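# Observations on the model geometry
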Amino acid sequence: LEDDGERLVRLSGFERALKLGQPNTDERLVVALRVLQRLRRHPALGARTLTELNVSDPAQIRFVMDGLTEIRCGGEGDLDGQLERLRATMRVLTAQQVGASYIDLRFPEPVIGEAA
């Protein structure tokens, strides 16, 4: 699905259902919207498409690129540094033509699960 040229992203990790026409002040929703804006602007994703963002644990944010690769991060405060590590990791994976099913950025050296 597309909305004015941008693909829709599935947001998950909320306890309450959102209600149309009412203020939605769920703390995790607010975090998800801030993180979504940062992800969409950051060059780490490059030509990749963000398809899902999960904030069920705001200290361990997860998102999915192209519906295939899960990225595991720390909290929102750590996001910029982790996205820079993602950017460097994606360059290496692209150069080596290696696919990844997940990339965990919570460690000094990213942990990569290769796609089958």
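Source: prediction; values computed, not measured.

Rules of the game
- All residue numbers refer to position in the chain's written sequence, counted from 1.
- Reporting in this predicted model follows two pLDDT cut-offs: at least 70 for local features of residues, and 80 or more for side-chain atom pairs to be given and counted; totals over whole chains, interfaces and linings ignore these cut-offs and use all residues.
- Hydrogens are left out, water is left out, and the side-chain values use all remaining heavy atoms of the structure.
- Secondary structure counts use DSSP, requiring at least four H or I residues in a row for a helix and at least two E residues in a row for a strand, with both numbered from the N terminus.
- Here the globule rule reads 2.2 Å times residues to the power 0.38, and the radius of gyration is calculated from C-alpha atoms.
- When checking whether two residues touch, look at their non-hydrogen atoms; a contact exists if any pair is within 4.5 Å.
- Areas reported here follow the Shrake-Rupley algorithm with a probe of radius 1.4 Å; residue values treat only the protein chains shown as occluding.
- The charge count treats Lys and Arg as positive and Asp and Glu as negative. His and the chain ends do not count.
- Charge coordinates come from a single atom per side chain, which is NZ of Lys, CZ of Arg, CG of Asp or CD of Glu.
- Accessibility here uses a 1.4 Å probe with only protein chains present; expressed as a share of the type maximum, an area under 20% marks a residue as buried, one over 50% as exposed, and anything in between as partly exposed.
- Only Phe, Tyr and Trp rings take part, Trp by its six-membered ring, and two of them pair if their centres are within 6.5 Å. Stacked means planes under 30 degrees apart, edge-to-face means over 60, and tilted covers everything else.
- Cation placement over rings: the criterion is NZ of Lys or CZ of Arg within 6 Å of the ring centroid and within 35° of the ring normal.
- Throughout this description, the term nonpolar core refers to a set of buried Ala, Val, Leu, Ile, Met, Phe, Trp, Tyr and Cys residues connected via side-chain atoms within 4.5 Å.

## Topic: the overall build of the protein
Scanning the protein from terminus to terminus reveals two helices and eight strands. Along its sequence from the N terminus, the protein presents helices and strands in the succession β-β-β-α-β-β-β-α-β-β. Computed over its C-alpha atoms, the radius of gyration of the protein comes to 15 Å, within 12% of the 13 Å expected for a compact globule of 116 residues. For the protein, the spread of C-alpha atoms along the three principal axes comes to 50 × 30 × 25 Å. Intrachain contacts of the protein at a sequence separation of at least 6 include 40% that bridge at least 24 residues. Of the roughly 7,300 Å² that the protein leaves accessible, carbon and sulfur atoms contribute 48%. Taking the average place of the 16 positive charges on the side chains of the protein and the average place of its 18 negative ones, the gap between the two points comes to 1 Å.

## Re unusual backbone geometry
Although it is not a glycine, Asp66 sits at a positive phi angle of roughly 55 degrees. In this structure, Asp66 sits in the loop between β5 (62-65) and β6 (69-72). Even without glycine at this site, Gln97 takes up a positive phi of about 55 degrees. Among the residues examined, Gln97 registers a relative accessible area of 73% and is labelled exposed.

## Structural notes on the packing of aromatic side chains
Applying the stated criterion across every chain yields a total of zero aromatic pairs. A cation sits over an aromatic face here: Arg72 above Tyr102, 4.3 Å from the ring centre.

## Topic: the nonpolar core
Looking at soluble globular proteins, one finds that nonpolar side chains tend to be buried together. Ranked by size, the top nonpolar core spans 24 residues in total, and within it Leu39, Leu53, Phe63, Ile71, Leu86 and Ile103 carry the most contacts. Looking at this core, the elements with two or more residues in it are α1 (27-41), β4 (50-54), β5, α2 (79-95) and β7 (100-104). Not counting residues up to four positions away in its chain, the partners in contact with Ile103 are Thr69, Glu70, Ile71, Arg72, Leu86, Thr89, Met90, Leu93, Pro110, Val111 and Ile112.

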